[in-house]
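Listed below, chain by chain, are the residues.
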Amino acid sequence: GYLASSPDHPQTAFSFHLLKYFKVLNTRCPSLSVQAFVKSVCELHCILYRPSIRNQWSDAYDVYVRICTEVQCRVATALGRDGPDWRLRNACPACTYKLQDEPPLKISMQITMDGNNTQKRVDRVRRDVDEGGSVVSSINHEQHDDHRVPGDYYITAEEVNVFAKEVKAKPSRDEPVRGNSKYPFNEPTPCSERWRNLSDEMVKKMWGIYLETGLFLALCRHGTTLVMCDMIRSGELAKYPLAVINKLIDVFGPNIMCGYDIGCSFSGTANRSSLLGEKVCQNHTRFCVGSFHGHAHCRLCQLDWHPLYIEGSGLEEYEGCERAFADSNGTGRRTRYASWFHRQQILTLHFQRWDKDKYEALSRFLYNNYCQANNNLSMLSDQLAAAKQALNIESDTCFEEWRLAEKVYLQSLKKEPERDILKLEYLRTLIRLRDAEQKFSQVCDVWLTTSAEELGLPSYYGRAERLTRHMETGRRQALEILVTLRTTLMQLEQKLNIAETWTPNSVEWQETECYLNIRTYQRRVDVLEGLVVARLFELTKLNQSGTGYKLRTHIAKALRARSQAIRMAIDRYNQAAGCLSPPRPPLDPKTVLDYVYLAEFDLLRDARQDVREHPWARPAERLAAATYFKICRSKEEKLRVEVEACRLLTAIHDETELMVHVSLKLQSKDRLLAHQVGHLQRERQVVNNEHRRILRKLQNLPGYRGQWGTGIRDSKAANTSSLALDDALEVVGQEREGSESDDSVDEDETAEAMESTVEAFTHD
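Small disclaimer: the values here were computed from a predicted structure and weren't measured.

Rules behind the numbers
- Residues numbered from 1 in each chain as written.
- Predicted model: local features only at pLDDT ≥ 70, side-chain atom pairs only at ≥ 80, totals over all residues.
- Heavy atoms only, no water.
- Helix = DSSP H or I, 4+ residues; strand = E, 2+ residues; numbered from the N terminus.
- Buried < 20%, exposed > 50% of the residue type's maximum accessible area, 1.4 Å probe, protein only.
- Contact = heavy atoms within 4.5 Å.
- Axes fitted to C-alpha atoms, helices over the stretch in contact; angles between N-to-C directions.
- Parallel < 35°, antiparallel > 145°, perpendicular 65-115°, else oblique.
- Nonpolar A, V, L, I, M, F, W, Y, C, P; charged D, E, K, R; others polar.
- Left-handed = near helix turned anticlockwise from the far one by under 90°.
- Salt bridge = Lys/Arg side-chain N within 4 Å of Asp/Glu carboxyl O.
- Core = buried A, V, L, I, M, F, W, Y, C linked by side-chain atoms within 4.5 Å.
- Polar contact = N/O pair within 3.5 Å; in protein donor to acceptor, adjacent residues only side chain to side chain.

A closer look at the overall build of the protein chain
Thinking step 1. Scanning the protein chain from N- to C-terminus turns up 29 helices and 10 strands.
Thinking step 2. Relative to its full complement of 764 residues, the protein chain shows a buried share of 48%.
Thinking step 3. Considering only intrachain contacts with a sequence separation of at least 6, the fraction spanning at least 24 residues in the protein chain is 77%.

As structure tokens, then:
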């Protein structure tokens, strides 16, 4: 069939096959523009391209997408999938299809969220400014559009703006922790100041150009899209993740773990929110930082917020948004100048295709994770046993005790007192005063060696006028510096209550000088860590897909320059380390990279005591502790995969029986709708057969202890609303109660029934 570009007197029509082809191709190749596709079609049909053809195609394509959406809605209604938030409640069967009597999981659902500024859209407003740069008037040139993208992917701007003023000031240490105090959200971390997702200057520039400045996205651990919202005239503000968390708690309930690149500081924001804080505490919602972004967080932060140290997190890395953005960045070329409606339509269609791909890869995801957990347990268990024997470790409880001891130690490294800072300034002033006195003495010596009689000769100034003026200026400047330093010294002595000025032989001078060496040493550790962490991020970006040639070249040049900077920073560090008492051992580049991966820079910073005497500070013990925590997370991953595999198999079984029953029922009532249900059956059957094959392969792996066959879905997790579906659910429930747990034969019979049903609809 064909679809016209206008309802009245159409001059052009496009085939449905061509529209379907563009829809599929456009979601697979996000950077493909409408203009490029229309030009290609015109060239194939020997038609002269005109901009009007592009407009006609765009109108017809919008109608086609609307038709497809309407068909999907009718099919969903027939299947009972039209309830409130049904898509969100059933987005990922491995996460949401909870079963009766399944093993309890400490974390009910693992979520990752993040923002991306690629999907920006230009604000079509012309602004007139005066000579001072102030906006005098503005005219909106964007046409009014009442279209709305159907579906529940988006959280509206109104829902987001409810949390616009929810960023509260940080509480004092004496302020009591509200609600669930077992999570350290009220403890300040230095990462709050280190991380800036979008600088103020960049945001100000975007406000003047773009209306939508990016996209904020939330995914489950398997990569399925949960919700998203537009960032409007701002950077990655706290209101966007607050709105997302509010929605997810309402839908999924308690014990959610959410990974966020600034999860350490955002946890405090969420718990202090007047609108959301009580809900977060009551539902035991936890936050963490992703494994990749953890490189830029301090060691103290990682001990509480890194997934490796969080019980129940398994092997999840909470970096799924980075992969989703790498796939969706191609849409940025098309959304930049699109209308509001077309931008949301492009992103919705893209993430619908993304979710389809993630469902197709779901069983493979579970299989790979289970194999990874098995490999970790088989390899790391022997390593841990050997390490415990070599280090005389009797119990595994010491590893958790070491983690707590290291946390207590790092918390003790507080900000240096103001009196110590004033002492350092006093010492620096004394050193500068000593140098200034020497310089003034030298200038005076030159001045005094010239006799008064020689100065009185008329020919003296004519002979050495320039030299004389230079000598007089130097003496005057040296005197002014000397007076200024003495005045500053008197003020500091009065501030510190120093009765007698320090000398190099005094105890106070020597103690403060030692403290100054420590501060210099710590500053150089900070510089070295920043350079190495930046190098790691650049190496990751260099190998990331979608990085263009120019950007790769720029990163490669920056890496060469940074490598030289790292070598210089190491030299400066070794110089400062040698001034300590006792001296710290020197570093080489390989050791520095090891420190980054083991997050040991914070141990280098403290030079007031030798932390090497603690077991958690020695490399061998730290490696053993890391191995222990990896083993713990691998065991948790095996349990989670076993639970999720049974959920997926049960969801496939229930969906198959449901679709067969609904298809047979609709065959006599609505043959067109029955045909669409049969088409959906055929698509799902191809994928589900592959899921069954991989899940059987998973269940045959060594060490698998999960439930064989299918289970029964928990009624609290189900969410159906169609009254026409009641009898179908009753039939499915009766069949499930009368069947055995192992239903491998029933699956084959159901597949045959599906095939016969689809063939009947197709022939009709």
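Comments concerning the packing of helix α1 (residues 16–28) against helix α15 (residues 340–360)
Thinking step 1. For the pair α1 and α15, the least separation of the axes is 9 Å and the interaxial angle reads 80°. Relative to α15, the element α1 lies roughly perpendicular. Contacts between α1 and α15 involve K23, T27 and R28 on the former and, on the latter, L349, H350, R353 and D357.
Thinking step 2. Here the residues of the contact of α1 with α15 are counted per class, giving 1 nonpolar, 2 polar and 4 charged.

Re unusual backbone geometry
Thinking step 1. Non-glycine residue H9 carries a positive phi angle of around 50°.
Thinking step 2. Mapped onto the fold, H9 is located in the loop between β1 (2–4) and β2 (13–15).
Thinking step 3. One non-glycine residue, Y318, adopts positive backbone phi at about 60°.
Thinking step 4. As for its position among the elements, Y318 is in the loop between α12 (299–305) and α13 (320–328).

A look at the packing of helix α3 (residues 51–78) against α15
Thinking step 1. Two elements in contact, α3 and α15, have axes whose closest approach is 13 Å; the angle formed by their N-to-C orientations is 50°. The angle between α3 and α15 places the two elements in the oblique class. The interaxial crossing formed by α3 with α15 has left-handed handedness. For the pair α3 and α15, the contacting residues are S58, Y61, D62 and V65 in the first and F341, H342, Q345 and L349 in the second.
Thinking step 2. Split into classes, the residues belonging to the contact of α3 with α15 amount to 4 nonpolar, 3 polar and 1 charged.

Examining the pattern of salt bridges
Thinking step 1. This model, assessed by the stated rule, comprises 27 salt bridges.
Thinking step 2. Two residues, E70 and R74, come together in a salt bridge whose shortest N-O distance is 3.4 Å. Linking E70 with R74, this pair stays in helix α3, spanning 4 residues, or about one helical turn.
Thinking step 3. Assessed through its relative accessible area of 52%, R74 is described here as exposed.
Thinking step 4. Residues E636 and R633 are paired through a salt bridge, measuring 2.8 Å at the closest nitrogen-oxygen approach. On the criterion of helical spacing, the pair formed by E636 and R633 is a turn pair, its members being 3 residues apart in helix α26 (residues 619–666). Take E636 and R633: they sit in the same class, and that class is buried.
Thinking step 5. Here the salt bridges do not stand alone but share partners, grouping R28, D327, R353 and D357 into one network.

Some thoughts on the environment of I652
Thinking step 1. Structurally, I652 can be placed in helix α26.
Thinking step 2. Look at I652 and you get buried, because its relative accessible area is 0%.
Thinking step 3. With 39 residues separating them in the primary sequence, I652 and H691 have C-alpha atoms 8.6 Å apart.
Thinking step 4. I652 has contacts with Y359, N688, H691 and R692, leaving out every residue within four places of it along the chain.

Let's talk about the nonpolar core
Thinking step 1. Membership of the largest hydrophobic core comes to 78 residues, with the highest contact counts inside it found for M113 and L698.
Thinking step 2. With 11 residues, the single largest contributor to this core is α26.
Thinking step 3. Ignoring anything within four residues of it in the chain, the contact list for L698 reads L366, Y367, Y370, V641, A645 and Y704.
Thinking step 4. Residues C444, L496, W502 and W509 belong to the second largest nonpolar core, which totals 20 residues.

Section: the side chain of T650
Thinking step 1. Of note, T650 is situated in helix α26.
Thinking step 2. One polar contact links the side chain of T650 to the main-chain carbonyl oxygen of C646, over a distance of 2.8 Å.

Nothing here speaks to function; it is geometry throughout.
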